[in-house]
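Inside the fold
What follows is the residue order along each chain.
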There are 2 protein chains.
Amino acid sequence: MSTTLSDTPTLRAGAFGNATCLKCRECGATRELGPHYACYECFGPLEIGYEFGEVTREQIEAGPANIWRYKALLPVPDDIESSPNLEPGFTRLLDARNLAAELGLTRLWVKDDSTNPTNSFKDRVVACALSAAREFGSKVFACPSTGNLANAVAAAGARAGIRTVVFIPSNLETPKQVNSAIFTENLVAVDGTYDDVNKLASEIAGEDPGWAFVNVNVRPFYAEGSKTLGYEIAEQLGWRLPDQVVIPVASGSQLTKVHKAFRELVELGLVEDKPVRIFGAQAQGCNPVATAFKDGVDAIRPVKPDTIAKSLAIGNPADGIYVLDIARSTGGAVEEVDDDQIRDAIVLLARTEGIFTETAGGTTVAVLKKLTETGQLDPELETVVINTGHGLKTLDAVSGAVGPRATIAPTYDAFTAAGIA
Amino acid sequence: MSTTLSDTPTLRAGAFGNATCLKCRECGATRELGPHYACYECFGPLEIGYEFGEVTREQIEAGPANIWRYKALLPVPDDIESSPNLEPGFTRLLDARNLAAELGLTRLWVKDDSTNPTNSFKDRVVACALSAAREFGSKVFACPSTGNLANAVAAAGARAGIRTVVFIPSNLETPKQVNSAIFTENLVAVDGTYDDVNKLASEIAGEDPGWAFVNVNVRPFYAEGSKTLGYEIAEQLGWRLPDQVVIPVASGSQLTKVHKAFRELVELGLVEDKPVRIFGAQAQGCNPVATAFKDGVDAIRPVKPDTIAKSLAIGNPADGIYVLDIARSTGGAVEEVDDDQIRDAIVLLARTEGIFTETAGGTTVAVLKKLTETGQLDPELETVVINTGHGLKTLDAVSGAVGPRATIAPTYDAFTAAGIA
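Remember, predicted model here, so these are calculated numbers, not experimental data.

**Quick notes on the overall build of chain A**
Across its full length, chain A carries 16 helices and 14 strands. Computed over the C-alpha atoms, the radius of gyration of chain A is 22 Å, within 12% of the 22 Å expected from 2.2 N^0.38 for a compact globule of 421 residues. A principal-axis box enclosing the C-alpha atoms of chain A has dimensions of 75 × 50 × 45 Å. For chain A, the residues scored as buried account for 63% of the 421 residues in total.

This is the structure:
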C-alpha cells in the first residue's frame, strides 16, 4: 500500500499551475497541495489558494473554446490541453427574451450546461479532478454517485485511459445504469442507499491512497471546476458581471465557486466591481438551506430528501453554511419550490427557449419565477439563471405532462379537419 | 391563401447573404432564391449558388463559437446573430488516440455533434432553415420526422417564437414523443408509417405556401447547414483538410455538403488543396447506397429499412447518386455493417473516448473499423469520423449490452472480496 501517495506525493513543477497551497475555509491554516480535504488544525474543509500574477483578457480569449481558456485560474498545469480529457465548457449563454417576457423580467440570460460532453456541469469539476488525480499519480479514478457525476467520471476516465470505478446504489433504474456502464466495465452496484455508497467510498479513500475519489479526497481540486461557470458568464456578457444570478443548491459548492470566480475576476482587474445578488434554488423535498435562510439561523438542519430533483437531493449539504453567508451578504436569498412547480418550469423553459432541462434546472427556473413573483428578485436588473443538466436524463419527470395534441389519419382532409392549420 | 409567398416572396436586401440563386444539380439551370426545391426545367434538385467575394480566416476566427462564424458561407443574412436561434455548432473535434490505437490507425479525430443544443447535427441544418423561413415570411415552421429532426425543429421553433408543428408516426415510443412534445404544443401524431407522414407534409407544403417544411420546400437552405461540419473540421485542424473522412449516409446530404465545404475552402484560399478520400457509412438493414457502390452501378435501388440505426433508415436516399459520385471520385467507398457491429461500436467509442453515440454514430464507427480491416481505408493517413447524435436518444439499443460488473454489500470487506481493487 503506497501511503506515500496520499501523504506527500512527489509533484512535478507546475503540476497545479498558479495554485500554491490548500487553505482551511474555517481557520485559514494552510498546507501543501496534495490529496487532502480536511484541515490538520480544525478539520475544516480545504480549498485552493493561488498566486495569480498577471492574467489578461487577451490571454484568455486566445485559448480554446472550453474551460482550459481559464487554466491560469485553475489548479491545473500549463500543458493541461495535451492530456486527453473531455474538453468541457464554454457552453452557450442564451439571451432568453421569451422567458424574460413570460416572467416580467427586463433582461435574462440562461447559462446552459446541458450541452457539456456528458450533459451536465459535472464535466467541469471532473476535468479538474482528473488533472489532480494524474498529477498525484493515482491508480484509480472513482466516485460514488446516482447520476450526473457517475456519467462524467466514467466518460472522463475512459478517455483518459485511467482505471475508473463508479459506485452506485443497486436499485438505480436501468437507463441511469446504462448511462455510466456504457463508459466503464467497472460499474459497481452497492446494496444500500446513496449514503451507504458514499460511506463506502470514504472508507476506500481512507484505506487505499491510490484511489482518487473526485468528490472525496480530491474534492478541493474538483470543486474549483465550478468557477469556470462564473468566468464564462462574465466573459460572454462582454467582460461584465450580471446584477443577479440564480444557482441550484445541492452541496452548495457550485454557488460558492461562482461567487469566488466573480471575486477573482474583480481582483485581477478583468471586470469592473459591482454588487451581484446571488440566489440559491432548492426543492421543497430537500430544502435544508432554504429553511435556514427563511428562519434566519446559521445552522443547517439535515433533512431526508424526497423530491423529483434527485441531483439536488443532498440532505446535509457540505457548503450550506457558505451559501447562507453569500446569499445574505449579497442581498440574495435561498428559495424552494415543490415538484409540480419544477415540472411546470421544465415545460416553460422548453417552450420559451428550446432548452430541455433536467429536474435540477426545473427547480432553478421555478425558483427564479417565485423570486420574481415575491419581489425578492428585482425584475429590472440583469439576471442570469444556470441550467446545470439535460432533460433526457430525467425524462420520466415530464412523460405524463406533455404529448401529441392530436392523432390524425394520414390525409390532407384529416389534417384540415383537425384545425391545426 | 397567399400564393405570392411561395412564388415571389418579397425579400429584404441581403436576406441570404452571399447566396445569389438556386441552381439545379442536374441541368445547371438557375432561378431566383425562394422556397423552391425542384428545377423548373428538369425537376432536378436545387442547391444554393453563391458569389463569395473575399472571406478570410481572421473574419471567421473573430466570430462566435457557433456556426454563425461561417455566416459569409451560408444563405443567411449578416445580422443572423440578432435573431433568436439555438446557436448550434463549433462542437468538439477530439484527438481520438485510444480509438486510433484500438483500430490500428496513426491519427484519428472524432467530430462530436452529440453536444449540439438538441444533441444531433440536425440543429445545424434547422438553424439555416429557420433563417430562410423567417426571410420568406413563413407563418409555420414544420417537419415530418421520427426523431432528431423533430427535436431540433420543435426546439428551434420555440426559441424563435414562430408557430411550429411537428408531425410524427403515431406508433413512436413515448420517450421519443416527449423529446419533441416538451418543446411544442403542436406535436401531431399521424396514423401511418414515416412515409405516410412525409407524404402528408409534402401535400401540406404544396397547398399552403405559408408553411416552411424544413426538409421539403426550404430543403436547399436547410441542407447548406451541413457544410459547417466541414468548415469546423478544417478550422479545428488548424486550417487544413484531413486525408480521409467517414460520414453516415441517410439521405446522403451531409456527405455531399461536407465535400462541398472542403471544395469551397480550397477555392477561397482558406486551406491548401489536397486529396480527401470520402467514405459513406450505412447499416446493413438500410444499405441502398452501399449496395450500388459494391455493385459498381449508378442507380440506387430503394430498400425497405430494417435496422436499429433508425436515424439512417431512409430507403430511397435523395442524394444517394451524389454520394456514389463523391466516394468514387475521391477514392473513398460506401460500406455497411450489421446491428451487432453497430452495438459493439457504440460501446467501443464510449470505452475508448468517453463519447456516448446513438446508433447512427455506432454505424459510422463500425464502418470505420471495417474499412480499416478490409484495407479500403489507409491506416497511415489522417482520418476524421463524424458522430452525428447522442446515445441517450437510442438507449434501448445498448441496454442489454452493458451493466454493473458486480453487486456488493456496502462494506469494505465486501469490496475487497469482490476483487475490484
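So much for the structure itself; the text now carries on.
**Concerning the UniProt feature "modified residue: N6-(pyridoxal phosphate)lysine" (unreviewed entry) in chain A**
Residues and elements named next belong to chain A. With numbering aligned to this structure, UniProt lists the feature "modified residue: N6-(pyridoxal phosphate)lysine" (unreviewed entry) at K122. Assignment of secondary structure puts K122 in helix α4 (residues 122–136). Those residues within four positions of K122 in sequence are excluded, and the remaining contacts are N148, L149, A152 and Y222.

**Examining the sheet that holds strand β7 (residues 163–169) of chain A**
As summarised here, the arrangement of the five strands in space is β9(A)-β6(A)-β7(A)-β8(A)-β14(B), forming an open sheet in which the pairing is parallel. Unpaired on one side and paired on the other, β9 (211–213) of chain A together with β14 (406–408) of chain B mark the two borders of the sheet. With direction set aside, neighbouring strand axes in the sheet form an average angle of 25°. By the bridge criterion, three bridges tie strand β6 (residues 140–144) of chain A to β9(A) in an arrangement that is parallel. Its bridge partner being in β9(A), A:A142 is matched across the sheet by A:F213. Contacts from helix α5 (residues 148–160) of chain A reach β6 and β7 of chain A within the one sheet, and its direction differs from that of β6(A) by about 170°.

**Quick notes on the UniProt feature "domain: Tryptophan synthase beta chain-like PALP" (unreviewed entry) in chain A**
Look at the UniProt record and you will see "domain: Tryptophan synthase beta chain-like PALP" (unreviewed entry) annotated at residues 88–389 of chain A. Taken as a whole, residues 88–389 of chain A contains 45% helix and 17% strand, while its terminal C-alpha atoms sit 13 Å from one another.

**Brief notes about the packing of aromatic side chains**
Here the structure, examined in full by the defined rule, presents 24 aromatic pairs over all chains. An angle of 20° between the planes, with centres 4.7 Å apart, marks the rings of B:Y50 and B:F52 as stacked. Taking relative accessible area as the criterion, B:Y50 reaches 16% and is therefore assigned buried. With relative accessibility at 17%, the residue B:F52 sits in the buried group. Pairing B:W211 with B:F213 gives two aromatic rings, centres 5.6 Å apart and planes at 20°, and the pair type is stacked. Taken individually, B:W211 and B:F213 each receive the classification buried, so the pair is uniform in this respect. Taken together, A:F167, A:W211, A:F213, B:Y412 and B:F415 form an aromatic cluster joined through their ring pairs. Cation over ring: A:R69 sits above A:F90, and NZ or CZ is 3.9 Å from the ring centre.

**Describing the pairing of strand β8 (residues 187–190) of chain B**
In β8(B), alternate side chains face the same way, and those of B:L187 and B:A189 on one face and B:V188 and B:V190 on the other are all buried. Relative to β8(B), strand β14 (residues 406–408) of chain A is paired through three bridges, and the arrangement is parallel. Its bridge partner being in β8(B), A:T407 is matched across the sheet by B:A189. When strand β7 (residues 163–169) of chain B meets β8(B), the two strands line up parallel, connected through four bridges. Bridging from a neighbouring strand, B:I168 pairs with B:A189 of β8(B). Crossover connection from β7(B) via helix α6 (residues 174–181) of chain B to parallel β8(B): handedness right-handed.

**Overview of the relation of the copies chain B and chain A**
Each copy superposes on the other: chain B lies on chain A with an RMSD of 0.0 Å after a rotation of 180° and an axial shift of 0.0 Å. Here the two chains are linked by the operation of a two-fold rotation axis. When C-alpha positions in chain B are compared against the rotation axis, the closest is assigned to B:T115, at 2.5 Å.

Rules behind the numbers
In this convention, every chain numbers its residues from 1, walking through the sequence in written order. Here chains are named by letter from A upward and ligands by number from 1 upward, in the order in which they appear as written. The model is predicted, so local features are restricted to residues of pLDDT at least 70 and side-chain atom pairs to those at 80 or more, both for listing and for counting; the totals for chains, interfaces and linings are taken over all residues. Computation of side-chain values covers all heavy atoms of the structure but excludes hydrogens and water. Only runs of H or I of at least four residues qualify as helices and only runs of E of at least two qualify as strands under DSSP, and these elements are numbered from the N terminus. For the radius of gyration, the atom set is restricted to C-alpha positions; the globular benchmark scales as 2.2 Å times the number of residues to the power 0.38. Think of it in three bands: with a 1.4 Å probe and only protein chains considered, a residue is buried below 20% of the maximum accessible area for its type, exposed above 50%, and partly exposed in between. UniProt positions are given in the numbering used here, feature names are shortened, and annotations may be inferred rather than shown by experiment. Whether two residues are in contact is decided by their heavy atoms, any of which lying within 4.5 Å being enough. Here the rule is simple: two strands pair whenever DSSP picks up at least two bridges between them. Under this scheme, a helix contributes an axis fitted over its contacting stretch, all axes are lines through C-alpha atoms, and angles between N-to-C directions fall in the 0 to 180 degree range. Within 6.5 Å between ring centres, the rings of Phe, Tyr and Trp (the latter by its six-membered ring) count as paired, and their orientation is classed by plane angle as stacked under 30 degrees, edge-to-face over 60, tilted in between. Here, over-ring charges are defined by two tests on the NZ atom of lysine or the CZ atom of arginine: distance to the ring centre within 6 Å, and angle to the ring normal within 35 degrees. A crossover counts as right-handed when, viewed with the strands pointing away from the observer, the path leading from the first strand over the helix to the second turns clockwise. Least squares is used to superpose the copies, and the fit set is the C-alpha atoms of residues whose pLDDT is at least 70 in both copies.

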